[in-house]
Amino acid sequence: MLIEDWSSLFQRLDTNDSPLAAVVAWLAEQPGASAAAILRPAPPTWKPYAATPSQVTKWPLELVAEAAESNEVRRSSEWVVVPIPGPTSRVVAIRTHAAEVDKSLRPQLSATIDHAESIARQRSLLRQSATLLEIISQWRRTDDLPTLLANMAEAATKLFDCDRATLFLWDRTNKSLVGRPALGMPNGELRIPDDVGVVGRVLANGEPLRVNIDDDQANIYTGVDEVSGYQTESLLCVPLTTFSGTRLGAFELINKRGGRFTTDDETGIAELARHAAVALADSQEWTRMLSQNQHLAEAASQVDFVGNCSAIEALRRTIRSVADTELAVLLLGENGTGKEVVARSLHNASRRRLAPFLAVNCAALTETLLESELFGHEKGAFTDAHATRIGKFEAASGGTLLLDEIGDMSLAGQAKLLRVLEEKVIVRVGGTANIETDVRVVAATNRNLPQLVRNKRFREDLYYRLNVVSIEMPALRDRGDDICLLAEHFLEHFCRRQGRRVPKL
């Protein structure tokens, strides 16, 4: 195959949007040629990453492998295959009936492809810079975290020409990484231990890591592929670290469409990840502040103790003394004596007041539903479990959980609760992963727990676990001096809700 005029090709490279596509198209136009492709290894075979749009359905892969292994031009009756030297394996296959192969074809092709790739790389970097500025500008206008994560992943897949992208946020409390968006996974969310696979290594050492199809793939965590059915062939992962050095997680790209992730890809995604980490930190701070404001507003709207009798004054003193401790509290008293009000007061006076306060009525739920309510469940764990759902222990993380009517809980439920209180770890119904909890438990009941313990209807070990501090609620009949105060308080409360003037008693 003889090519005399290479100058026309170099003119094309400067004007064509895809320089490598211009190279193969130009080769296919040469006398006697009909198709061309540039191939790279994709073990156990080779794949074209630039090819002419022709009727070729099968490239001469055996001839390609032979040329690459021998590092010499190979010829068949229909094909000329030229290995291209360089840091990565590349082979040019040209469909031609020419009888002779020009000796200068290989060095000319090598120089031309290097030049074309250099042009493509420069243009790609320019496009990435322009796109990066636009992306960052859009991120600054988004406060919703799920939307922000989805936008970041979509931008990365387009910018770096890969199949998928996932951002892993570090859940330090549970020693896990939560990945979103995670295609093929329940609710689009993936939760893995923070020390497995490529992502775990990147999180641990703070350094980028590339794993391509022809590298050792032992680092790839295969558990995700087994669940999603997706085949991971190449990965590029960089840490999500703010400019101040706070590590939030990792940014992962999956399956480069051109075959391999490059050094330029690594540089580009690292720059994108730095700005992504800042945007995520801002979004998380906004969400945290909004949540805190909501909790504070809820706390301010709660009914305080109304009364001046000695029993209520003693109750206030007890609350002040134990509120900011981590001691378990057991509230005892008849229905309507204000056990939930006391529980909320304990929460609002503690260092946990900016986190959620949640209450569960143990008497209102069956044993199965109570377990799901407390610990959550995985999708498909039982009938009507159409989606994964977190339980109250997870939802109240960092805050306080009131277990009301604890005396009506079944013995099986008591055993599971005792395990959680002792180990501070829960397992969702239908799940296997251990999830650490950080919740202060306050229990309440109108039952005689010591009598239930003697009758073997309440576990003695759970009773002593809950009864570190017990608070006996005074009944209304013992608060005669507070009757008028209570009546005026509720009269004002309900009139205000109805928009009416408060009458006098």
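Preceding block: the structure.
So, a few notes on the structure that sits alongside this text. Quantities reported herein were computed from a predicted structural model and do not represent experimental measurements. (Residues numbered from 1 in each chain as written. Predicted model: local features only at pLDDT ≥ 70, side-chain atom pairs only at ≥ 80, totals over all residues. Heavy atoms only, no water.)

1. Section: the packing of helix α1 (residues 7-15) against helix α2 (residues 19-28)
Line of reasoning, step 1. It is the contact of α1 with α2, at a shortest axis distance of 9 Å, that shows an interaxial angle of 150°. With respect to each other, α1 and α2 are oriented roughly antiparallel. Regarding α1 and α2, the two cross each other, and that crossing is right-handed. When α1 is examined against α2, the residues Ser8, Leu9, Arg12 and Leu13 are found in contact with a partner set consisting of Pro19, Ala22, Val23, Ala25 and Trp26.
Line of reasoning, step 2. Here the contact of α1 with α2 is built from residues that sort into seven nonpolar, one polar and one charged. (Axes fitted to C-alpha atoms, helices over the stretch in contact; angles between N-to-C directions. Helix = DSSP H or I, 4+ residues; strand = E, 2+ residues; numbered from the N terminus. Parallel < 35°, antiparallel > 145°, perpendicular 65-115°, else oblique. Left-handed = near helix turned anticlockwise from the far one by under 90°. Contact = heavy atoms within 4.5 Å. Nonpolar A, V, L, I, M, F, W, Y, C, P; charged D, E, K, R; others polar.)

2. Description of the nonpolar core
Line of reasoning, step 1. Membership of the largest hydrophobic core comes to 29 residues, with the highest contact counts inside it found for Leu374, Phe393, Leu403, Ile406, Leu417, Phe458 and Leu466.
Line of reasoning, step 2. Among the elements of the structure, β12 (329-332), α11 (367-375), β16 (400-404), α13 (411-423), β19 (440-445), α14 (449-454) and α15 (460-466) are those that each provide at least two residues to this core.
Line of reasoning, step 3. Examining the composition of this core, we find that four residues originate from one element, α13, more than from any other.
Line of reasoning, step 4. Other than its neighbours up to four places away in sequence, Leu403 contacts Val360, Cys362, Leu374, Leu417, Val441, Val442, Ala443 and Ala444.
Line of reasoning, step 5. Counting residues in each nonpolar core, the second largest holds 26 residues, with Ala270, Ala273, Ala277 and Leu280 among its members. (Core = buried A, V, L, I, M, F, W, Y, C linked by side-chain atoms within 4.5 Å. Buried < 20%, exposed > 50% of the residue type's maximum accessible area, 1.4 Å probe, protein only.)

3. What about the packing of aromatic side chains?
Line of reasoning, step 1. For the structure shown, the criterion picks out four aromatic pairs.
Line of reasoning, step 2. On the basis of an interplanar angle of 65° and a centroid distance of 5.3 Å, the ring pair of Tyr463 and Tyr464 is categorised as edge-to-face.
Line of reasoning, step 3. Its relative accessible area of 53% is what places Tyr464 among the exposed residues. (Phe/Tyr/Trp six-rings, centres within 6.5 Å; stacked < 30°, edge-to-face > 60°.)

4. Observations concerning the layout of surface pockets
Line of reasoning, step 1. By volume, the second largest pocket amounts to about 1100 Å³.
Line of reasoning, step 2. Leu20, Arg40, Ala120, Lys256 and Thr262 are the residues nearest the centre of the second largest pocket, which is lined by 32 residues in total.
Line of reasoning, step 3. At the level of secondary structure, the elements contributing two or more residues to the lining of the second largest pocket comprise α2, β2 (45-51), α4 (105-139), α5 (145-160) and α8 (263-301).
Line of reasoning, step 4. Among the residues forming the lining of the second largest pocket, the class breakdown is 10 nonpolar, seven polar and 15 charged. (1 Å grid on protein atoms, 1.4 Å probe; cavity = no way out; pocket = protein on both sides within 12 Å on 5 of 7 lines; lining within 4 Å. Points joined across faces, edges and corners; volume = space filled by probe spheres on them.)

5. Points about unusual backbone geometry
Line of reasoning, step 1. Unusually for a residue other than glycine, Asn71 sits at a positive phi of about 60°.
Line of reasoning, step 2. Mapping Asn71 onto the fold places it in the loop between α3 (61-70) and β3 (74-75).
Line of reasoning, step 3. You will see that Asn255, though not glycine, has its phi angle at about 60°, which is positive.
Line of reasoning, step 4. Position of Asn255 relative to the elements: it lies in strand β11 (residues 247-256).

6. Details of the environment of Thr242
Line of reasoning, step 1. Here Thr242 is to be found in the loop between β10 (235-241) and β11.
Line of reasoning, step 2. Classification of Thr242 as buried rests on a relative accessible area of 11%.
Line of reasoning, step 3. Residues Thr242 and Ala279, 37 residues apart in the sequence, show an inter-C-alpha distance of 9.0 Å.
Line of reasoning, step 4. Those residues within four positions of Thr242 in sequence are excluded, and the remaining contacts are Leu248, Ala277, Val278 and Ala281.

7. Side note on the sheet that holds strand β9 (residues 209-211)
Line of reasoning, step 1. Taken in spatial order, the six strands make up an open sheet running β8-β7-β6-β11-β10-β9, and their pairing is antiparallel. Edge positions in the sheet fall to β8 (190-193) and β9, since each has one partner strand and no second. Taken pair by pair, the neighbouring strands of this sheet meet at an average axis angle of 25°, ignoring direction.
Line of reasoning, step 2. In this sheet, strand β7 (residues 176-180) lies alongside strand β6 (residues 162-171) in antiparallel orientation, the contact comprising five bridges. Following the sheet pairing, Trp170 is matched in β7 by Leu177.
Line of reasoning, step 3. Those strands touched by helix α6 (residues 197-205) are β6, β7, β9, β10 and β11, and its axis lies near 145° from that of β11. (Pairing = 2+ DSSP bridges.)

8. Re the sheet that holds β16
Line of reasoning, step 1. Read from one edge to the other, the open sheet built from five strands follows the order β13-β16-β19-β12-β20, with strand pairing classed as parallel. A strand with exactly one partner marks an edge of an open sheet, and here the two such strands are β13 (357-361) and β20 (469-472). In this sheet, adjacent strand axes meet at a mean angle of 20° when their direction is disregarded.
Line of reasoning, step 2. Bridge count between β13 and β16: five bridges; the pairing is parallel. Paired with Leu358 across the bridge in β16 is Leu401.

Note that all results are geometric; they support no functional claim without further evidence.
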